[in-house]
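So the chains spell out like this:
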Amino acid sequence: MEMLKNIGLMSIEDDPVQQESIAMILDELGYDHLGTAESGEEGLKLFQDTKPDVVLLDIHLKGKMDGITLGQRIREDYQTPLIYFTAFDDEKTFKRAQATSPIAYLIKPIQPFSLQNSIETAIRYADQPDLPASSSWDDDVLLKDSIFIKIGQKLMRMRCEDILFVETAGNRYCKLTATSRMAHSSASIDPFSSTSTT
């Protein structure tokens, strides 16, 4: 039984060069890339087939359905976080995208650090859609039936039912012991510190 689950992401991008770049970044960050679609229509089918944790959407796509329209379709039925990226930064496009409540709006070329921060933010709010943006979270986030813990440079999901006990390590970190492995969490338990290491 797998207790630590990689975060699954899908991307919708019609440029082969950008497709490869995104796939490489996600691989380097350690996330599961569930697939890439080249159009909004293909993207909707991929989303329904894979049920990703986060969706990466290029705004300008081939076909009748652009990325924002696809984002609207996804948000009608799901709370899956959206991260848009585009080569254009005009105000009209930005306002259309903003109406779908995305986690981030990134301008190409995509920078790994910016994408990683956006993904981590998306994961934090995945099951907390009504959480105000000003809320403060540490590196671990409690969800309905699981928590996300930071291992290395990526977040992993651990089910609460698999946690045997939690113990503090000094006054700044905690260790989670699960049914088949021990995870060293980088969550700071010092309210005056934002430093985290793994």
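Residues numbered from 1 in each chain as written. Predicted model: local features only at pLDDT ≥ 70, side-chain atom pairs only at ≥ 80, totals over all residues. Heavy atoms only, no water.

For strand β4 (residues 54-58), a buried count of 5 out of 5 residues is recorded, marking the element as mostly surrounded by other parts of the structure. Both faces of β4 are covered, namely the face carrying Val54, Leu56 and Asp58 and the face carrying Val55 and Leu57. Inspection of the sheet shows strand β2 (residues 8-12) paired to β4 by 4 bridges, in the parallel sense. Along β4, the bridge assignment pairs leucine 9 with valine 54. Where β4 lies against strand β5 (residues 82-86), 4 bridges are found, and the strand directions are parallel. Residue aspartate 58 lies in a different strand from β5, and its bridge partner there is phenylalanine 85. Once the chain exits β4 it traverses helix α3 (residues 67-77) before rejoining the sheet at β5, and the crossover so formed is right-handed. (Buried < 20%, exposed > 50% of the residue type's maximum accessible area, 1.4 Å probe, protein only. Helix = DSSP H or I, 4+ residues; strand = E, 2+ residues; numbered from the N terminus. Pairing = 2+ DSSP bridges. Right-handed = clockwise from strand over helix to strand, strands pointing away.)

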